[in-house]
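Below, each chain spelled out in residue letters.
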Amino acid sequence: MRLSIDADRCMGHGRCYSMAEGLLSDDEEGFVAERGRVIEVPAELLADAREAAAACPEGAIALLDSASAADA
Amino acid sequence: MTQTRRGCPVSHTEYGEDSELYGHYALIDAEREASRFHFNDTRPRGFWMVQRYEDVLEGFQKHDVWTTSARSALNPESGIALLPQDLNGQDHAKLRRVLNPFFSPAAVKRTESLAHERCVELIEEVRPKGRCDFVAEFAIRYPTDLFLALLGLPVSDGDFFLPWSETLFQGFFGGDPAETAEAKRKILEYFDTAVNERRAAPRDPKTDMVSRLIEARIDGEPLTQDDILTICMTLMLAGLDTTRSALGYMFTHLATHEDDRRGIIDRPERVPAAVEEFLRLYPLVFQAGREVHEDTDFHGVPLAKGDVVWLGIASANRDPRKYPDPDRFVLGREGVNQNLAFGAGPHRCLGMHLARLELAVVLREWHARIPDYRVEPGVRLTERGGQLTMPTLPLEWEV
């Protein structure tokens, strides 16, 4: 499973890394440091990833199935 | 006959008046359920009410064409400049980048010991008395002291500072223009002195906000003195009234819901989740305004350039389509982190991390010292219109 954070949609609410400290981190402006990227989610952090995605008020976070998300 | 305006039911509901406690939520809930959108005609510039969660969120995200030229639907011409709120687009983003580092979770964490210290001092001041007006004796003093300390100003200035900020705040909702102007003049004069002192003796811009504002450059240009003063005043207006108000609603709830209070006393680790649910359940800034800058159709409502839109924050947070059983306090509620108490989009509240910290500190420290308390019997609790706050909350406890 992979997680993507849309840099344009992310507004720095900080709810994602508050929910998933082992997976995501904050930068000095309070935005999630991983925005604009797609990251691999280790199996043991899957629940955290789901919570982070569900916590974003802007809907900026998506969970992608590694198998179906074909890389360009 | 049902009145309509461009296809919308017309609302005559007045949201600026004082009421019984929770009276405004009852009005908001009823209107949201009566119709998805309303046109409200209680103001010289009527406004379109956007009320359901998905619509309110979408409204906040339409920042390219719905701007903050009208910050409040209830008073779109407040006449008080605010920064960064009044900016939009790139200008707004650039100034937010100057300010954001002071309000990031990491920066806020640095103020935790100060918040804790001031909170405990103020609690210990009232505790031996066995009663207090929670609003006047605690809830407004705490954020005011922290605000002054964060700006590097003397906490004792709160005594004369507070009445000015209260008067100025009233100006947003139609207070006396002459009194508002006078309060504004005094506050700007106070900040002018403080900023000039920093120009003469700068401190570390990484930790001292005023020093940072002085050295900051946007497109190579320093901020003007006027803009720096406006920013200081904005931070004050944004942070003091809201924190005081949030505390009033939280403590009314806990004083009247034994099980919820017991849950916090017994398990302080639940405090952050409780804060989030309180923010959802009792939003104080119950609406934000926007001005439409382009003719547009919003889900069937034909909006014209110059129209004012009401983004119903409280309406969204209490929308049963998003939050089932919305009047109940539910710890760990699904989706609670998506509540819109602090707005959304690029103008979301700059101080939201600080606010969460301040509220969490109070919940922990107060209940560690005064676990059991009640609203003084016989008191009629009321709330101010426009932007909710409780004028008074008399609490009592055993000593």
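Residues numbered from 1 in each chain as written. Chains lettered and ligands numbered in written order. Predicted model: local features only at pLDDT ≥ 70, side-chain atom pairs only at ≥ 80, totals over all residues. Heavy atoms only, no water.

Taking an unreviewed UniProt entry as the reference, chain B is identified by name as Cytochrome P450 belonging to Actinomadura algeriensis.

Going by the annotation in an unreviewed UniProt entry, the name recorded for chain A is Ferredoxin, with Actinomadura algeriensis given as the source organism. Entered under Cofactor (unreviewed entry) in the UniProt record, the comment concerning chain A runs "[3Fe-4S] cluster". (UniProt positions renumbered as here; feature names shortened; annotations may be inferred.)

**Student:** Explanation requested: the overall build of chain A in the structure shown.
**Tutor:** Scanning chain A for helices and strands turns up two helices and three strands. Traced from its N-terminal end to its C-terminal end, chain A shows the element sequence β-α-β-α-β. When the backbone C-alpha atoms are referred to their principal axes, chain A occupies close to 35 × 25 × 20 Å. In chain A, which comprises 72 residues, the share counted as buried stands at 44%. Sequence separation of 24 or more characterises 62% of the internal contacts of chain A that already satisfy a separation of 6 or more. When the accessible area of chain A is evaluated, it comes to approximately 3,600 Å², of which 48% is carbon and sulfur surface. Between the averaged position of the 6 positive side-chain charges in chain A and that of its 15 negative side-chain charges there is a distance of 4 Å. (Helix = DSSP H or I, 4+ residues; strand = E, 2+ residues; numbered from the N terminus. Buried < 20%, exposed > 50% of the residue type's maximum accessible area, 1.4 Å probe, protein only. Contact = heavy atoms within 4.5 Å. Areas by Shrake-Rupley, 256 points an atom, 1.4 Å probe, with all protein chains shown as cover. Lys, Arg positive; Asp, Glu negative; His and termini not counted. Charge placed at Lys NZ, Arg CZ, Asp CG, Glu CD.)

**Student:** Help me understand the sheet that holds strand β4 (residues 37-40) of chain B in this model?
**Tutor:** Within a beta sheet, neighbouring strands are joined by backbone hydrogen bonds and run either parallel or antiparallel to one another. Residues and elements named next belong to chain B. Across the sheet, which stays open at both edges, the seven strands sit in the order β1-β2-β4-β5-β13-β10-β6 with mixed pairing between neighbours. For this open sheet the edge positions go to β1 (4-5) and β6 (66-67), each flanked by a neighbour on one side alone. Where β6 and strand β10 (residues 288-292) come together, two bridges link them in antiparallel fashion. Its bridge partner being in β10, Trp66 is matched across the sheet by Val292. Lying on the sheet, helix α2 (residues 53-61) is in contact with β4, β5 (47-50), β6, β10 and β13 (308-311); it crosses β13 at an angle near 125°. (Pairing = 2+ DSSP bridges. Axes fitted to C-alpha atoms, helices over the stretch in contact; angles between N-to-C directions.)

**Student:** How do you make sense of the packing of helix α7 (residues 141-150) of chain B against helix α15 (residues 352-369) of chain B when you look at a structure like this?
**Tutor:** The geometry of a pair of packed helices is captured by two quantities: the angle between their axes and the separation between those axes. Residue and element names in this part refer to chain B. Two elements in contact, α7 and α15, have axes whose closest approach is 12 Å; the angle formed by their N-to-C orientations is 130°. By the angle class used here, α7 and α15 are oblique. Taken as a pair, α7 and α15 cross one another with a handedness that is right-handed. Residue-level contacts link Tyr142, Pro143, Leu146 and Leu150 of α7 to Leu354, Glu358, Val361 and Val362 of α15. Looking at side-chain class alone, the contact of α7 with α15 contains seven nonpolar, no polar and one charged residues. (Parallel < 35°, antiparallel > 145°, perpendicular 65-115°, else oblique. Left-handed = near helix turned anticlockwise from the far one by under 90°. Nonpolar A, V, L, I, M, F, W, Y, C, P; charged D, E, K, R; others polar.)

**Student:** Sorry, what's going on with the sheet that holds strand β16 (residues 394-396) of chain B here?
**Tutor:** All names here are of chain B. The sheet built from three strands is open, its strands ordered β7-β16-β14 with antiparallel pairing. Lying at the two open borders of the sheet, with one neighbouring strand each, are β7 (131-133) and β14 (374-375). Relative to β16, β7 is paired through three bridges, and the arrangement is antiparallel. Paired with Cys132 across the two strands is Leu395, which belongs to β16.

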